[in-house]
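Structural characterization, general
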Amino acid sequence: MIKDILPIGALLLGSAFLLFGGGIHGLILPVRGTIEGFDSLSLGLLGTGWALGYVAGCILTAGLVARVGHIRAFGAMCAIAAVTVLCNAIIVTPGRGSRCGASPGSALPQPR
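Described in the following lines is the structure provided in the data block.

1. Quick look at the overall build of the chain
- When you go through the chain residue by residue, the secondary structure sums to five helices and zero strands.
- By residue count, 25% of the 112 residues in the chain fall in the buried class.
- By sequence separation, contacts in the chain at least 24 residues apart represent 76% of the contacts at least 6 residues apart.
- Carbon together with sulfur atoms contributes 75% to the accessible area of the chain, which is approximately 7300 Å² in total.

2. A look at the pattern of salt bridges
- One pass over the full model with this rule turns up one salt bridge.
- The salt bridge partner of glutamate 36 is arginine 32, with a shortest N-O separation of 3.7 Å. Of this pair, glutamate 36 and arginine 32 are both found in helix H2 (residues 9–36), four residues apart, which corresponds to roughly one turn of the helix.
- Owing to a relative accessible area of 40%, glutamate 36 belongs among the partly exposed residues under this scheme.

3. Structural notes on the environment of glycine 63
- With respect to the secondary-structure elements, glycine 63 resides in helix H3 (residues 40–68).
- Taking the C-alpha atoms as reference, glycine 63 lies 9.8 Å from alanine 73; in sequence the two are ten residues apart.

4. Brief notes about the packing of H3 against helix H4 (residues 70–90)
- The contact between H3 and H4 brings their axes to 7 Å, and the two run at 130°. Classed by the angle they form, the pair H3 and H4 counts as oblique. Taken together, the residues of H4 that come into contact with H3 (itself represented by Thr61, Leu64, Val65 and Val68) are His70, Arg72, Ala73 and Met77.
- A per-class count over the contact of H3 with H4 returns five nonpolar, two polar and one charged.

5. Notes on H4
- Over its 21 residues, H4 extends 30 Å from the first C-alpha to the last, a length consistent with the 30 Å expected when each residue adds 1.5 Å.
- Turning to H4, its buried residues number three or more, namely Ala73, Met77, Cys78, Ala81, Thr84 and Asn88. For H4, the arc enclosing every buried residue in end-on projection is 135°, short of the 170-degree limit, so these residues lie on one face. Exposed side of H4, more than 90 degrees from the buried face: Ile71, Arg72, Val83, Leu86 and Ile90 are the residues found there.

About the thresholds
Residues numbered from 1 in each chain as written. Predicted model: local features only at pLDDT ≥ 70, side-chain atom pairs only at ≥ 80, totals over all residues. Heavy atoms only, no water. Helix = DSSP H or I, 4+ residues; strand = E, 2+ residues; numbered from the N terminus. Buried < 20%, exposed > 50% of the residue type's maximum accessible area, 1.4 Å probe, protein only. Contact = heavy atoms within 4.5 Å. Areas by Shrake-Rupley, 256 points an atom, 1.4 Å probe, with all protein chains shown as cover. Salt bridge = Lys/Arg side-chain N within 4 Å of Asp/Glu carboxyl O. Axes fitted to C-alpha atoms, helices over the stretch in contact; angles between N-to-C directions. Parallel < 35°, antiparallel > 145°, perpendicular 65-115°, else oblique. Nonpolar A, V, L, I, M, F, W, Y, C, P; charged D, E, K, R; others polar. Expected span 1.5 Å × (residues − 1). Arc of directions from axis to C-beta.

Have a look at this one:
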């Protein structure tokens, strides 16, 4: 059994780290928004953008994988998620909530 799992262990571990990071990112954004003084509407738009990105990712990812392959699609989605996290750390304005909030949702669909 170990011989079967060992070749894909790095992929599973990498996916686990990405899902963990995405979950922490989704948890920290509303907390930071509250600390920065965002109003309830801005925080709601942030969550709505995340959910819309989740739905868009579920719909569009299959076509992307079919077109470019799973390795390139995975790499592209990881890059989008990383840039979005950095964007959220650098740009702290309520207006970017729904725009930047949709990116990680579409990059790494995850259960909520």
